[in-house]
Amino acid sequence: AQHWREALRHLQEIADDPTSRNNAGLAAEALFAAGQCESFLHRGDRSAAFFLGVLELDPDHAGALGALAQVAMDRGNWQGAATYLLRRRSVIRDPAERIALVKKLGDICSERLGDDRAAADFYAELLSILPEDDATLLQILPQILPVLRRAKKHACAARVADLLADLIASPAEKRDMI
């Protein structure tokens, strides 16, 4: 803990230095690192203040958006978490990270906010970006199918059911199901 406190002291000096504002990227990264130190020290309120400072300098800072979403989730503020994750979704380019983020948004909407329609929209987006990897499909498809059905997204639910049938049934068994 002492190392985190010392690192935090140095990062605060950088963030507080008026000349560092001339280099917004450097100041944003110093604030982000300071927020991470506060998170490691389990001081969520203080870390959130640093992460919000990052967003003042760089509104699309993916790390700060993710960290603020985590702070919100830790506090049980699921709507706030969803808001930060939505903003993060718009700046994420890595396909695997995007898949995890869209899945998480759907899960939050369904499980925490009780909004199956919004969840179904995220899950429909998820279907369009999922890799054709059998293990990934077998893990995710059974989780999202009930939500799609409850939301009455029949076409999407049928596509999921068909994909699942392709994964677990032989062509002859599939013909027999129809």
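An account of the accompanying structure is given in this report. Keep in mind the model is a prediction, meaning the values are calculated, not measured.

**Thoughts on the overall build of the protein**
Within the protein, the regular secondary structure consists of 10 helices and 0 strands. Per-residue burial for the protein yields a buried fraction of 41% across its 178 residues. Considering only contacts within the protein whose residues lie at least 6 apart along the sequence, 46% involve residues at least 24 apart.

**Notes on the side chain of Ser-110**
Relative to the helices and strands, Ser-110 is located in helix α6 (residues 95-112). What makes Ser-110 buried here is its relative accessible area of 14%. Among the polar contacts made by the side chain of Ser-110, one reaches the side chain of Asp-116 at a distance of 3.1 Å. Look past the residues within four positions of Ser-110 in its chain and what remains in contact with it is Asp-115, Asp-116, Ala-119, Tyr-123, Val-147 and Arg-150.

**With respect to the nonpolar core**
In this structure, Leu-130, Leu-141, Ile-144, Leu-148 and Val-160 are the most contacted members of the largest nonpolar core, which totals 48 residues. Every element with two or more residues in this core is listed here: α2 (24-40), α3 (44-57), α4 (62-74), α5 (78-89), α6, α7 (116-129), α8 (134-150) and α9 (154-168). For this core, the element with the most residues is α4, which contributes 8 residues. Setting aside residues no more than four positions away along its own chain, Ile-144 makes contact with Tyr-123, Leu-127 and Val-160.

**As for α7**
For α7, which comprises 14 residues, the first-to-last C-alpha distance of 20 Å matches the rise-based estimate of 20 Å (1.5 Å per residue) to within 8%. Here α7 has its buried residues at Asp-116, Ala-119, Ala-120, Phe-122, Tyr-123, Glu-125, Leu-126 and Leu-127. Packing partners of the buried residues in α7 comprise α5, α6, α8 and α9.

**Section: the packing of aromatic side chains**
Two descriptors summarise a pair of aromatic rings, namely the distance from one centre to the other and the angle between the planes of the rings. Inspection of every chain in the model, using the stated rule, returns 1 aromatic pair. Ring geometry for Phe-32 versus Phe-51: centroids 5.6 Å apart, planes at 50 degrees, classification tilted. In this pair, Phe-32 sits in helix α2 while Phe-51 sits in helix α3, placing the two residues 19 residues apart along the sequence. For the pair Phe-32 and Phe-51, a shared accessibility class is recorded, and that class is buried.

**A short note on the side chain of His-61**
Note on placement: His-61 falls in the loop between α3 and α4. Once residues lying within four places of it in the same chain are set aside, the contact partners of His-61 are Glu-29, Phe-32, Val-54 and Leu-55.

What counts, and where the lines are drawn
Throughout this description, residue numbers start from 1 for each chain and increase along the sequence as written. Confidence filtering applies because this is a predicted model: local features only for residues at pLDDT of at least 70, side-chain atom pairs given and counted only at 80 or more, and all residues used for totals across whole chains, interfaces and linings. By convention in this description, side-chain values take in all heavy atoms of the structure and omit both hydrogens and water. Segments assigned H or I by DSSP are reported as helices when at least four residues long, segments assigned E as strands when at least two residues long, and all are numbered from the N terminus. Only protein chains enter the area calculation, which uses a 1.4 Å probe; residues under 20% of their type maximum are buried, those over 50% are exposed, and those in between are partly exposed. Contact definition: two residues touch when any of their heavy atoms are within 4.5 Å. Counting of polar contacts relies on pairs of N or O atoms within 3.5 Å, with two restrictions inside protein: one atom must be capable of donating a hydrogen and the other of accepting it, and residues adjacent in sequence are counted only when both atoms are side-chain atoms. We define a nonpolar core as any set of buried Ala, Val, Leu, Ile, Met, Phe, Trp, Tyr and Cys residues linked to one another through side-chain atoms lying within 4.5 Å. Expected helix span is computed as 1.5 Å times (number of residues minus one). Two rings from Phe, Tyr or Trp (for Trp, the six-membered ring) form a pair when their centres sit within 6.5 Å of each other. Planes less than 30 degrees apart are called stacked, planes more than 60 degrees apart edge-to-face, and all others tilted.

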